[in-house]
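# Structure at a glance
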Amino acid sequence: MKNILNVQNNKFPYLFIDKIFDIVPLSKGSGKKCFTSSEWFFGKEGNNILVPNYVLIECLVQIVVITIQSHNRFCKKELNDIRFKEILFIDAIEAGEVLICECSIIRVVRGIVYAESNGFNNGKLICSMKVEIAVLEEFNKYLPAN
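The present account deals with the structure reproduced in this document.

What counts, and where the lines are drawn
Residues numbered from 1 in each chain as written. Predicted model: local features only at pLDDT ≥ 70, side-chain atom pairs only at ≥ 80, totals over all residues. Heavy atoms only, no water. Helix = DSSP H or I, 4+ residues; strand = E, 2+ residues; numbered from the N terminus. Buried < 20%, exposed > 50% of the residue type's maximum accessible area, 1.4 Å probe, protein only. Pairing = 2+ DSSP bridges. Axes fitted to C-alpha atoms, helices over the stretch in contact; angles between N-to-C directions. Contact = heavy atoms within 4.5 Å.

### With respect to the side chain of glutamate 138
Within the secondary structure, glutamate 138 is located in helix α3 (residues 136-140). Among the residues examined, glutamate 138 registers a relative accessible area of 14% and is labelled buried.

Right, dumping it as structure tokens:
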């Protein structure tokens, strides 16, 4: 967790990645989120609580962000989500289950990072998306002068 906090700006309760398995900066990353029944976004509804889709999206984005910010050039840099594309929710995941998040950085062009991210539970694809994220300091270098 400490290593995640060294590169990621999100803090509890909005940091959803609990553990990093593998990070190759600006290339690929994997980690996991263990969903407990006491998560703040579940409320007090009882058993068989489904993880909201917006939380799944945030998990997929956070593994991309950690993979970007683990590179020395982009560590702790301000990022901005530009676009989410091809978001797929294939199956549900419940409290007590684990989401394994994996991402691949496709390319980095003029401060925009293009990536794909997937979430798995017990080897089964649960959700996937493509994402574009701007590293603002880098991106702003390519804006037209006024």
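### Digging into the sheet that holds strand β6 (residues 124-135)
The strand order across the open sheet built from six strands is β1-β2-β4-β5-β6-β3, with neighbouring strands paired in antiparallel fashion. Each edge of the open sheet carries a strand with a single partner, namely β1 (19-24) and β3 (79-89). Within the sheet, the average angular offset between the axes of one strand and its neighbour, ignoring direction, is 20 degrees. Across eight bridges, the pairing between β3 and β6 is antiparallel.

### Quick notes on the environment of cysteine 127
Within the secondary structure layout, cysteine 127 lies in strand β6. Counting along the chain gives 67 residues from cysteine 127 to leucine 60, while the straight-line C-alpha distance between them is 8.5 Å. Aside from chain neighbours lying at most four places away, what touches cysteine 127 is Leu56, Leu60, Leu88, Phe89, Ile90, Leu99, Ser117, Asn118 and Gly119.

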